[in-house]
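Each chain, letter by letter, is given below.
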Amino acid sequence: MKNIFINNSSNTRTKFNLLLLSSFFFLLTSCGEKKTEETHEEEKSETEVALTEAQFKTIGIETGTIEMKNLNTVIKANGYTAVPPQNMANISTLIGGVVKDIYVLEGTYVAKGKTLATIQNLEVTEMQENYNSAIANIEYLQLEYNRQKTLSDENVNPRKTFQEVKSKLAVERARAQAAKNKLQALNVSLKGSTSLIPIVSPISGYVGKISITKGAFAETGVTLFEVVDNSQMHLDLNVFEKDLGKISVGQEVDFVLTNQSNKSIKGKIFGINKSFSNESKTVAVHAKINPSDAKDLISGMYVAANINITNQTVQALPKDAIVRNGDKYYIYIQEEHQEETPKPKEEEHKHEDGEAHAEGEEKAHNEIHFKAIEVMPGTTDLGYTEVKLVEEIPANAKIVIKGAFYLLATSKGGGAHEH
């Protein structure tokens, strides 16, 4: 009986140990599955983001597509917009006077020959009188010249009389021509009598600074008006000595206005200076801007430009479309169709109420889903960055070009994220 009792006790202990071992393996398996599930959910949460329509509008998400940009083999240069000397006029007066009227305002467009203002000077009246008097004397002397020439040819009058008339006629003609030149230079009519001098624009363009006021005295040699014609706008770029060997006429230039939008504007090099412009050892390179892009530019704008040495193009996106997460770089694409994730039975049971369940479905339906796609960034220039896709995306994929950083923060739990 004693042996039988011992054997039964041993069997019971063995069964108890097996039960503990089984429970331990069950707990390990459950924890492993739970850890795997949590890792999978965490990985999925960082590659997929969902926003409500309200969040989408509030953040200002904007989408676009991959563009082909010339970002390779370029020479960077800074400079300014400028107009040729023949397209800029500093208008002054040849004779001083009091400003009578001003007919234009700064910023207005004027055509060539337009009267900008009038100046009053009594000397102009004397010039007109001198011209008209000389013309009248010329008419009389011309008749006398003809008569004396006839008498001189017939040896009736002394030749000396004919020479005197001829001399007086030449003097009056010279006096008339001098008065005419002065009046034409002042843009004053040859006929009539006036004391007003019109200030006329020599080119078509926009009025810049006006340096006179009504009633003030306008002095000679002082700029009264500035008129600029922006239709022939070009760039003056400063290129360093080490890059001069790569620059040639005809090369294309891409530039952006550093204080304006990141819109890229194109131009083409038409001239290279043959001397250094300053102590920084740079040479001025001139590039003509496309006329369609030059109309809104102003002389003196600071620009950052890329001179394209080759015509190679690469896939690029606006630099704000690319975000960094750890050691990797991503872009986000908008997923057009999303299948709603099946809900657990317990959650379905909570929404048995018809109204609450409908509200949940509507909320899920209004969500906009985004997926993170890994990329390899390259050169960044003019607001764009070269991208190489690690995985293929649809040709018509909507890529987030504004708001990508918010999506990254939301995927990490940093943004207002609702499901």
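Residues numbered from 1 in each chain as written. Predicted model: local features only at pLDDT ≥ 70, side-chain atom pairs only at ≥ 80, totals over all residues. Heavy atoms only, no water.

**Digging into the environment of Ile 333**
- Residue placement: Ile 333 occurs in strand β20 (residues 328-335).
- Between the C-alpha atom of Ile 333 and that of Lys 371, which follows or precedes it by 38 residues, the distance is 5.4 Å.
- Apart from the residues lying within four places of it in its own chain, the contact partners of Ile 333 are His 369, Phe 370, Lys 371, Ile 373, Ala 397, Lys 398 and Ile 399. (Helix = DSSP H or I, 4+ residues; strand = E, 2+ residues; numbered from the N terminus. Contact = heavy atoms within 4.5 Å.)

**Some details on unusual backbone geometry**
- In this model, Asn 187 sits at a positive phi of 60°, which is unusual for a non-glycine residue.
- Within the fold, Asn 187 resides in the loop between α4 (159-185) and β9 (196-200).

**Some remarks on the pairing of strand β17 (residues 302-308)**
- In terms of burial, β17 is largely enclosed, as five of its seven residues are buried.
- Pairing between strand β4 (residues 74-82) and β17: seven bridges, direction antiparallel. Bridge pairing links Asn 78 to Ala 304 in β17.
- Two strands pair when backbone bridges link them, and strand β14 (residues 252-257) and β17 are joined in this way by five bridges, in the antiparallel orientation. Directly across from Leu 257, in β17, lies its bridge partner Val 303. (Buried < 20%, exposed > 50% of the residue type's maximum accessible area, 1.4 Å probe, protein only. Pairing = 2+ DSSP bridges.)

**Notes on the packing of aromatic side chains**
- In total, this model carries four aromatic pairs according to the counting rule given.
- Ring geometry for Phe 56 versus Phe 370: centroids 6.3 Å apart, planes at 5°, classification stacked. Separated by 314 residues along the polypeptide, Phe 56 in helix α2 (residues 53-59) and Phe 370 in strand β21 (residues 368-381) bring together distant segments of the chain.
- Note on Tyr 80 and Tyr 302: the rings are 5.4 Å apart at their centroids and 70° apart in plane angle, and the pair reads as edge-to-face. With Tyr 80 in strand β4 and Tyr 302 in strand β17, this residue pair connects regions lying 222 residues apart in the sequence.
- By relative accessible area, which is 43% here, Tyr 80 ends up partly exposed. (Phe/Tyr/Trp six-rings, centres within 6.5 Å; stacked < 30°, edge-to-face > 60°.)

**Brief notes about the pattern of salt bridges**
- Tallying each qualifying case throughout the model produces seven salt bridges.
- The salt bridge involving Lys 402 is made with Glu 62; its shortest N-O contact spans 4.0 Å. Of this pair, Lys 402 sits in strand β23 (residues 398-402) while Glu 62 is found in strand β2 (residues 62-64), placing the two residues 340 residues apart along the sequence.
- The shortest N-O distance in the salt bridge between Lys 214 and Asp 101 comes to 3.4 Å. Taken together, the residues Lys 214 in the loop between β10 (205-210) and β11 (217-218) and Asp 101 in strand β6 (residues 97-102) connect sequence positions 113 residues apart.
- Take Asp 101: its relative accessible area is 25%, and that puts it in the partly exposed class. (Salt bridge = Lys/Arg side-chain N within 4 Å of Asp/Glu carboxyl O.)

**Regarding the side chain of Thr 118**
- With respect to the helices and strands, the residue Thr 118 is situated in strand β8 (residues 115-120).
- Excluding its chain neighbours within four sequence positions, the residues that come into contact with Thr 118 are Val 98, Val 99, Lys 100, Asp 101, Tyr 103, Ile 197 and Pro 198.

**So, the sheet that holds β9**
- Across the sheet, four strands lie side by side as β9-β8-β6-β11; this open sheet has antiparallel pairing. What marks the edges here is a single partner per strand, and that holds for β9 and β11.
- Looking at chain direction, β6 and β8 are connected through four bridges and run antiparallel. From the neighbouring strand, Val 99 faces β8, where its bridge partner is Ile 119.

**Digging into helix α8 (residues 404-411)**
- Looking only at α8, the buried set comprises Ala 404, Leu 407, Leu 408, Thr 410 and Ser 411. Considered in projection along α8, the buried side chains sweep an arc of 160° and stay on one side of the axis.
- Phi for Gly 413, located one or two positions after α8, is positive at around 90°. (Arc of directions from axis to C-beta.)

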